[in-house]
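# Chains, contacts and geometry: an overview
The primary structure of each chain is shown beneath.
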Amino acid sequence: MQPLHVTALICVAVAGICWLSSIVTREYSWVDWLWFILPPIYIGVLAQGSGDARLYLMTGLTALLGARLTFNFARKG
């Protein structure tokens, strides 16, 4: 399966899980919690499928951005 298709399937699955979770818990910020970790996962899947060094660099940079955002989110509550 193509890496872009795998990434799209992951995105659709996560969107469905967030939607169902929001209905069950009546808490509508599920995607906010996942926003920090999903972009590195998406780019990592694409990087593994293509083997392009630029995508590996993008994966590392988005992982650093996600770590920074997670730290700020945890610090500020």
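Relevant structure appears above.
The rules behind the values
Residues numbered from 1 in each chain as written. Predicted model: local features only at pLDDT ≥ 70, side-chain atom pairs only at ≥ 80, totals over all residues. Heavy atoms only, no water. Phe/Tyr/Trp six-rings, centres within 6.5 Å; stacked < 30°, edge-to-face > 60°. Helix = DSSP H or I, 4+ residues; strand = E, 2+ residues; numbered from the N terminus. Buried < 20%, exposed > 50% of the residue type's maximum accessible area, 1.4 Å probe, protein only. Axes fitted to C-alpha atoms, helices over the stretch in contact; angles between N-to-C directions. Parallel < 35°, antiparallel > 145°, perpendicular 65-115°, else oblique. Left-handed = near helix turned anticlockwise from the far one by under 90°. Contact = heavy atoms within 4.5 Å.

What follows covers the packing of aromatic side chains. In this structure the tally under the stated criterion is two aromatic pairs. Pairing Trp33 with Phe73 gives two aromatic rings, centres 4.9 Å apart and planes at 90 degrees, and the pair type is edge-to-face. Placement of Trp33 in helix α2 (residues 30–34) and of Phe73 in helix α4 (residues 53–76) is noted, with a sequence separation of 40 residues between them. Owing to a relative accessible area of 54%, Trp33 belongs among the exposed residues under this scheme. Aromatic side chains Phe36 and Phe73 sit 5.4 Å apart centroid to centroid with 50 degrees between the ring planes, which places their arrangement in the tilted category. Separated by 37 residues along the polypeptide, Phe36 in the loop between α2 and α3 (38–50) and Phe73 in helix α4 bring together distant segments of the chain. Using a relative accessible area of 30% as the deciding quantity, one classes Phe73 as partly exposed. Clustering of aromatic rings is evident, with ring pairs tying together Trp33, Phe36 and Phe73.

Turning next to the packing of α3 against α4. Two elements in contact, α3 and α4, have axes separated by 8 Å at closest approach and are oriented at 165 degrees. Considering their axes alone, α3 and α4 lie roughly antiparallel with respect to each other. Crossing of α3 against α4: the hand is left-handed. In contact with Pro39, Pro40, Ile43, Gly44, Leu46, Ala47, Gln48 and Ser50 of α3, α4 contributes Leu55, Tyr56, Met58, Thr59, Thr62 and Ala63.

Fair warning: the whole summary comes from geometry, so function is off the table for now.
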